[in-house]
Amino acid sequence: QVQLVESGGGLVQAGGSLILSCAASGRTFSSYAMGWFRQAPGKEREFVAAISRSGGYFYAVSVNGRFTISRDNAKNTVYLQMNSLKPEDTAVYYCAANKVARDLVAGNMDYWGQGTQVTVSS
């Protein structure tokens with residue numbers, strides 16, 4: 001069992017930056033690919049970014065070049081650095097885990113957190 005707790009969301013102006021963190025419980029963090037998803041009001045949940053167990057990266061086209069995912073296995077934490085934020089980035093952001101990164105990219109989550117709200121004002 002893995003429990004995920006997100007933090008770092010908030011209100012930011014367009015063009016600004018935020019760093020989201022996701023702390024994972026358990027001793028098997030390094031054996032999971034980790035990722036971020038988001039869901040805006042009235043929209044489907046969408047993939048944002050993922051990082052494999054070996055450190056490979058996957059990004060949605062809409063955030064590529066603006067967002068950076070990273071992980072610290074010693075701290076059981078995954079991060080999402082978000083730069084050049086746009087109003088369309090406004091959503092609840094969820095941390096998720098899956099043994100296989102490509103399954104995570106496809107939207108298959110073994111575990112997920114409660115989410116953290118990110119609001120970007122214009």
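What this report covers is the structure whose coordinates are included nearby. All figures in this text were calculated on a predicted structure; none of them were measured in a lab.

So, about the side chain of threonine 116. With respect to the helices, strands and loops of the structure, threonine 116 is situated in strand β11 (residues 116–121). In this structure the side chain of threonine 116 is engaged in a polar contact, spanning 3.2 Å, whose partner is the backbone nitrogen of glycine 9. Ignoring anything within four residues of it in the chain, the contact list for threonine 116 reads Glu6, Ser7, Gly8, Gly9, Leu20, Ala91, Val92 and Tyr93.

Okay, the sheet that holds strand β8 (residues 77–82) next. As summarised here, the arrangement of the four strands in space is β1-β3-β8-β7, forming an open sheet in which the pairing is antiparallel. Edge positions in the sheet fall to β1 (4–7) and β7 (67–72), since each of these pairs with one other strand and no more. Looking at each pair of strands side by side, their axes are set apart by 15° on average, direction ignored. With six bridges connecting them, strand β3 (residues 18–24) and β8 associate as antiparallel partners. Within β8, the residue paired with alanine 23 across the bridge is threonine 77.

Rules and cut-offs
Residues numbered from 1 in each chain as written. Predicted model: local features only at pLDDT ≥ 70, side-chain atom pairs only at ≥ 80, totals over all residues. Heavy atoms only, no water. Helix = DSSP H or I, 4+ residues; strand = E, 2+ residues; numbered from the N terminus. Polar contact = N/O pair within 3.5 Å; in protein donor to acceptor, adjacent residues only side chain to side chain. Contact = heavy atoms within 4.5 Å. Pairing = 2+ DSSP bridges. Axes fitted to C-alpha atoms, helices over the stretch in contact; angles between N-to-C directions.

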